[in-house]
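# A closer look at the structure
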Amino acid sequence: MKKINSVMRIIFMMSISAAYAYNFDPTVVTEIYHFREQLYTAGTVQDYKKAVHDFIEDMEQRHLPEQEQHTVKNIAAVELVNFVDDGMDKKERYLMLNERQYECDRYMKQQTDVSEWFLVSYADVKSRLVSYISGGTAYTISMDAYSLYQAALKINKKFAYGYVGYALWLFFAPPIAGGGYDAARKTYAKALQYAANDFDRYVALIYRSQVYYAIGKKKEYETDLTQARALYTEERLTEYVRKKNEAGMSFFD
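Residues numbered from 1 in each chain as written. Predicted model: local features only at pLDDT ≥ 70, side-chain atom pairs only at ≥ 80, totals over all residues. Heavy atoms only, no water.

## Topic: unusual backbone geometry
Rules: Note on conventions: DSSP H or I runs of at least 4 residues are helices, E runs of at least 2 residues are strands, and numbering of each starts at the N terminus. We call a residue buried when its accessible area falls under 20% of the maximum for its residue type, exposed when it is over 50%, and partly exposed in between, using a 1.4 Å probe and counting protein chains only.
We note that histidine 63 has phi near 55°; this positive angle belongs to a residue other than glycine. Tracing the backbone through its elements, the reader meets histidine 63 in the loop between helix H3 (45-61) and helix H4 (66-83). Note on histidine 63: relative accessible area 68%, which makes it exposed.

Shown next, in the form of structure tokens:
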């Protein structure tokens with residue numbers, strides 16, 4: 001119940017006014033983009049792990065405000081779960097994500113002012129955590145994530161990073177809950193519409209390609225991956241995605 005209360009408190013705050021949202025440090029936003037660019041163009045798992053380690057170490061040395069600290073730790077944890085397949089078993093992933101959820105839940109109890117960056121990173125943690133639990137708890141955490149995405153996008157209706165996370169939630173959510181492939185496709189289109197830079201476009205195109213893969217639209221699938229590749233000619237992710245798809249799996253599996 002405490003988790004639900006903290007999320008409902010966020011929604012209440014957002015319903016009052018989005019004008020009082022936390023002023024997230026723009027230099028940290030720049031570093032987040034730089035970090036994720038490194039990850040998505042990394043050549044090996046070792047490169048990937050090093051980029052995560054260096055990012056966390058650099059952010060710790062800067063003595064960031066608490067909200068920025070939670071945000072960068074959330075992003076690093078989610079990216080490790082997304083891509084690092086070796087050296088981290090299911091229990092370790094669960095414990096890492098659960099710790100981030102606990103810390104963010106505790107932080108939210110003390111806050112009246114939050115940013116869209118924090119909210120989406122928090123929602124992404126909860127979305128990934130659902131894969132490691134089941135039953136009513138999984139449903140509650142999933143709906144918490146939904147509420148967090150909604151709150152973030154109420155603060156900033158042009159937040160491409162938020163639309164990417166929300167679209168992934170919709171990809172796995174059943175139509176009865178407002179999810180499904182069509183809802184995800186439309187939300188990725190919003191991410192592309194509001195992309196602030198090439199990296200926003202790159203991620204949205206790759207992720208949307210998986211919606212087209214799932215519904216068998218090969219022409220649209222190829223177009224998205226080709227356009228993503230053109231944005232970062234040295235990247236390796238589109239090749240990895242194609243290999244997974246050729247093996248009968250979605251990038252998200």
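Read on, since the account is not over.
## Overview of the packing of aromatic side chains
Working definition: an aromatic ring pair is given by the centre-to-centre distance plus the angle between the planes. Quick note on the threshold: Centres within 6.5 Å make a pair out of two Phe, Tyr or Trp rings, where for Trp the six-membered ring is used; the pair is then stacked when the planes are under 30 degrees apart, edge-to-face when over 60, and tilted otherwise.
One pass over the full model with this rule turns up 29 aromatic pairs. Relative to tyrosine 122, the ring of phenylalanine 118 lies with its centre 5.4 Å away and its plane at 35°, an arrangement referred to as tilted. Of this pair, phenylalanine 118 and tyrosine 122 both sit in helix H6 (residues 116-129), 4 residues apart, which is roughly one turn of that helix. Classification of phenylalanine 118 by relative accessible area gives buried; the value is 0%. Ring plane angle 40° and centroid distance 5.7 Å describe the contact between phenylalanine 251 and phenylalanine 252, whose orientation is recorded as tilted. Assigned by exposure class, phenylalanine 251 and phenylalanine 252 land together as buried. Taken together through their ring pairs, the aromatic side chains of Phe24, Tyr33, Tyr40, Trp117, Phe159, Tyr161, Phe199, Tyr202 and Tyr232 make up a single cluster.

## Quick look at helix H11 (residues 218-231)
Rules: Expected span of a helix: the number of residues minus one, times 1.5 Å. Each C-beta atom gives one direction from the helix axis, and the arc is the one those directions make. Note on contacts: a residue pair qualifies if any of its non-hydrogen atoms lie within 4.5 Å across the two residues.
Here H11 spans 20 Å end to end across 14 residues, near enough to the 20 Å set by a 1.5 Å rise per residue. Taken residue by residue, H11 has Tyr221, Asp224, Leu225 and Ala228 as its buried positions. Buried positions in H11, seen along its axis, are confined to an arc of 90° and lie on one side of it. Of the exposed residues in H11, the ones pointing more than 90 degrees away from its buried face are Lys219 and Ala230. On its buried face, H11 is in contact with helix H10 (198-215) and helix H12 (237-246).

## Points about the packing of helix H2 (residues 26-40) against H4
Threshold: What counts as an axis is a line fitted to C-alpha atoms, over the stretch in contact for a helix, and the angles between N-to-C directions run from 0 to 180 degrees. Angles are sorted into four bins: roughly parallel if under 35 degrees, roughly antiparallel if over 145, roughly perpendicular if 65 to 115, and oblique for all others. Note on residue classes: Ala, Val, Leu, Ile, Met, Phe, Trp, Tyr, Cys and Pro are nonpolar, Asp, Glu, Lys and Arg are charged, and everything else, Gly too, is polar.
Their axes nearest at 11 Å, the elements H2 and H4 cross at an angle of 10°. The angle between H2 and H4 falls in the class roughly parallel. Across the interface between the two elements, Val28, Ile32, Phe35, Arg36, Leu39 and Tyr40 of H2 pack against Glu68, Thr71, Val72, Ile75, Ala76, Glu79 and Phe83 of H4. Its residues placed into classes, the contact of H2 with H4 shows 9 nonpolar, 1 polar and 3 charged.

## Observations regarding the side chain of asparagine 74
If you trace the backbone, asparagine 74 turns up in helix H4. Its relative accessible area of 0% is what places asparagine 74 among the buried residues. With residues up to four places along the chain from it excluded, the contact list for asparagine 74 reads Arg100, Cys104, Phe118, Ser121, Tyr122 and Val125.

Interpretation in functional terms is not warranted from these geometric data alone.
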